[in-house]
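# Summary of structural features
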Amino acid sequence: MPKLGMEPLRRKALIDAAIGAIGERGSLDVTMAQIAKRAGVSSALAHHYFGAKDDLLHATMRHILAELGRDVRAALGETTTPEQRVRAIIAVNFSVKQFASETVAAWLTFYVEAQRSERLRRLLRIYARRLHSNLMSGLRPLVAEPEQTAEGIAALIDGLYIRRALKDGAPDAASAIALVNDYLDLRIHAVRGDT
């Protein structure tokens, strides 16, 4: 008889193992057996909890998005101004958890796979809409062209993830945050007419 409360722990271990395996490989070319072994469970148990590999990958992407959403909500709860709101969103996207090498590799792999998987494409659309909406709520009172600025910030975040995936070594979140904040500063100062 299985121990009570083990299912959520094993599901989380399998999701973490999937992120690690995808990050290590840089692709979805991993098997359920490899993921299960990495998680310390049997392949049969992995299939029991998630069914097919695609179901585990979908759950993994949902997990990454849920963590990002929780982190964004927590950060926004500590802000009091529109500018702080935008800067908090930027910082969360480059937090230790989100900008970890394995997570970055998983994000990029999911972007590629979304070209073939409607389920993953749907999740990425949800992410893009949430990011846009969160940015717009802070940008509207700050800049003359909030839509364009939100698109610019989102493009910088995505681009910095791609650049991070192509480099060796530890991610440099501080420089990524500084770069996106510099862009935000330029957009804010353009509205104020600063030189």
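Below is a short write-up of the structure.

### Remarks on the overall build of the protein chain
Within the protein chain, the regular secondary structure consists of 9 helices and 0 strands. N-terminal to C-terminal, the α/β element order of the protein chain is α-α-α-α-α-α-α-α-α. Along the longest, intermediate and shortest principal axes, the C-alpha atoms of the protein chain span 65 × 35 × 30 Å. By residue count, 43% of the 195 residues in the protein chain fall in the buried class.

### Some words on the environment of L65
By the element assignment, L65 lies in helix 4 (residues 53-76). In sequence terms L65 and R10 are 55 residues apart; their C-alpha atoms lie 19 Å from each other. Those residues in contact with L65 that lie beyond four places of it in its chain are W107, L123 and Y127.

### Here's the deal with the side chain of E67
Within the secondary structure layout, E67 lies in helix 4. Among buried Asp, Glu, Lys and Arg side chains, E67 stands out as unpaired, with K97 the closest opposite charge at 4.5 Å. Non-local contacts of E67, meaning those with residues more than four positions away in its chain, are made with K97 and Q98.

### Some details on the pattern of salt bridges
Working definition: two side chains of opposite charge can pair if their charged atoms are close together. This model, assessed by the stated rule, comprises 11 salt bridges. Here K12 ties to D16 by a salt bridge, and the two come within 2.8 Å at their closest N and O atoms. Taken together, the residues span about one helical turn, with K12 and D16 both in helix 1 (residues 6-25) at a distance of 4 residues. For K12, a relative accessible area of 34% puts it in the partly exposed group.

### Structural notes on a positive patch on the surface
Residues R62, R70, R73, R122, R129 and R130 make up a contiguous surface patch of positive charge. Every element with two or more residues in the positive patch is listed here: helix 4 and helix 7 (118-139). Among the structural elements, R129 can be located in helix 7.

### Focus on the side chain of T109
Along the chain, the position of T109 falls in helix 6 (residues 101-113). Residue classification places T109 among the buried residues on the basis of a relative accessible area of 8%. Every residue in contact with T109, bar those within four places of it in the chain, is listed here: I22, G26, S27 and L28.

### Focus: the nonpolar core
Residues L14, F94, W107, F110 and I153 are the most contacted members of the largest nonpolar core, which totals 59 residues. The leading source of residues in this core is helix 4, at 10 residues. Beyond its immediate sequence surroundings of up to four residues, I153 is in contact with V86, I90, L135, L139, V180, Y183 and L184.

### Side note on the environment of E147
Within the secondary structure, E147 is located in helix 8 (residues 146-166). C-alpha of E147 to C-alpha of I162: the two residues are 15 residues apart in sequence and 23 Å apart in space. If near-sequence neighbours (up to four positions away) are discounted, E147 is found in contact with H132 and M136.

### Quick look at helix 3 (residues 43-50)
Within helix 3, burial applies to A46, Y49 and F50. For helix 3, the angular spread of buried residues about the axis comes to 80 degrees, placing them on one side. Structural note: helix 3 exposes A44 and H48 on the side pointing more than 90 degrees away from its buried face. Looking at the buried positions of helix 3, the neighbouring elements they touch are helix 1, helix 2 (32-39) and helix 4.

### Topic: helix 1
Taking 1.5 Å of rise per residue, 20 residues should cover 28 Å, and helix 1 covers 28 Å from first to last C-alpha, within 8% of that figure. Buried within helix 1 are the following residues: L14, I15, A17, A18, I19, G20, A21 and I22. Against the buried residues of helix 1 lie helix 2, helix 3, helix 4 and helix 6. A positive backbone phi angle near 75 degrees is found at G26, which sits one or two residues after helix 1.

The rules behind each value
- Residues numbered from 1 in each chain as written.
- Predicted model: local features only at pLDDT ≥ 70, side-chain atom pairs only at ≥ 80, totals over all residues.
- Heavy atoms only, no water.
- Helix = DSSP H or I, 4+ residues; strand = E, 2+ residues; numbered from the N terminus.
- Buried < 20%, exposed > 50% of the residue type's maximum accessible area, 1.4 Å probe, protein only.
- Contact = heavy atoms within 4.5 Å.
- Lys, Arg positive; Asp, Glu negative; His and termini not counted.
- Salt bridge = Lys/Arg side-chain N within 4 Å of Asp/Glu carboxyl O.
- Patch = residues over 30% accessible without salt bridge, like charges linked within 9 Å, V, L, I, M, F, W, Y side chains within 5 Å.
- Areas by Shrake-Rupley, 256 points an atom, 1.4 Å probe, with all protein chains shown as cover.
- Charge placed at Lys NZ, Arg CZ, Asp CG, Glu CD.
- Core = buried A, V, L, I, M, F, W, Y, C linked by side-chain atoms within 4.5 Å.
- Arc of directions from axis to C-beta.
- Expected span 1.5 Å × (residues − 1).

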